[in-house]
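Summary of the model geometry
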Amino acid sequence: MLLPAKAECKAVSTSQSCPACSKRIIDRYFLQALDQFWHQDCLKCGCCECRLGEVGDSFYTKGNMILCKRDYLRLFGRAGHCAACCKVIPAYQLVMKARDNVYHMDCFACQECSSRFCVGDKFFLSGNRLLCSQDYDSLLYHTEHHSSFSSLPSSPDSQD
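Residues numbered from 1 in each chain as written. Predicted model: local features only at pLDDT ≥ 70, side-chain atom pairs only at ≥ 80, totals over all residues. Heavy atoms only, no water.

1. Section: the nonpolar core
Put simply, the rule is: Only buried Ala, Val, Leu, Ile, Met, Phe, Trp, Tyr and Cys residues count toward a nonpolar core, and they belong to the same one when joined by side-chain atoms within 4.5 Å. Type-normalised accessible area, obtained with a 1.4 Å probe on protein chains alone, sets the label of each residue: buried when under 20%, exposed when over 50%, and partly exposed for intermediate values. Counting from the N terminus, the helices are the DSSP runs of H or I reaching at least four residues and the strands are the DSSP runs of E reaching at least two.
The biggest cluster of nonpolar side chains holds 16 residues, and the ones touching the most others in it are Trp 38, Leu 43, Cys 45, Leu 52 and Ile 66. The biggest single contributor to this core is strand β3 (residues 30–33), with 3 residues.

2. Brief notes about the layout of surface pockets
Here is the rule: Residues are said to line a cavity or pocket when one of their atoms sits within 4 Å of a point; the points come from a 1 Å grid over protein atoms alone, cavities being sets where a 1.4 Å probe fits but cannot get out and pockets being open sets with protein on both sides within 12 Å along at least five of seven lines. Grid points are joined across faces, edges and corners, and a volume is the space filled by probe spheres set on the points.
Here the largest pocket is characterised by a volume of approximately 380 Å³. Along the wall of the largest pocket there are 14 residues; nearest its centre are Arg 78, Pro 90, Ala 91, Gln 93 and Val 95. Listing elements by their share of the lining of the largest pocket, those giving two or more residues are α1 (69–76) and β9 (95–98).

3. A word on unusual backbone geometry
Located in the positive-phi region is Cys 86, a residue other than glycine, with phi close to 65°. Locating Cys 86 in the fold gives a position in the loop between β7 (80–81) and β8 (88–89). Of note, Ser 114 is a non-glycine position whose phi angle comes to about 70°, a positive value. Note that Ser 114 resides in the loop between β10 (101–104) and β11 (123–126). Taking the relative accessible area as the measure of exposure, Ser 114 reaches 55% and is therefore exposed.

4. Regarding the packing of aromatic side chains
We apply this condition: Pairs were defined over the aromatic rings of Phe, Tyr and Trp, the Trp ring being its six-membered one, requiring ring centres within 6.5 Å. Orientation was assigned from the angle between planes: stacked under 30 degrees, edge-to-face over 60, tilted for the rest.
As enumerated under the stated definition, the model contains 7 aromatic pairs in all. Both rings, one in Tyr 60 and one in Tyr 72, keep their centres 4.6 Å apart while their planes meet at 10°; by these two values the pair is stacked. Of this pair, Tyr 60 sits in strand β5 (residues 58–62) while Tyr 72 is found in helix α1, placing the two residues 12 residues apart along the sequence. Each member of the pair, Tyr 60 together with Tyr 72, is buried. Clustering of aromatic rings is evident, with ring pairs tying together Tyr 103, Phe 108, Phe 117 and Phe 123.

Shown next, in the form of structure tokens:
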């Protein structure tokens, strides 16, 4: 398992050269990553070129590439499939989970009435279907109501 590396911001001067631009680091603040010192503007993602010091304190390396979390997951993460729409979910995308099911954020909704769930909302899984409280209660009522009719003894045939 590959763990993210850390980039530390230092406030001490150094006579080191930046591995990205080869210029001496004389800035008051610089980054230390991969046992080297970097200008804050020079430690960038190899794909999107975002400044890694601005997007967090971690980054990923693969081969000779330094990557932000999003690009690392996009390139090397595993994609999954949404349990509601069955479309691919890219590895870098935020998801919602319920048991073993994974959903796009937009697909995390009641599969009966389509109302979307918010943080803290109660939801139910019936089979592999997401249901809101109201639709789950309705399903239970119909199931119990149907079961009570089917369990009634059949009337005897009249034989005269």
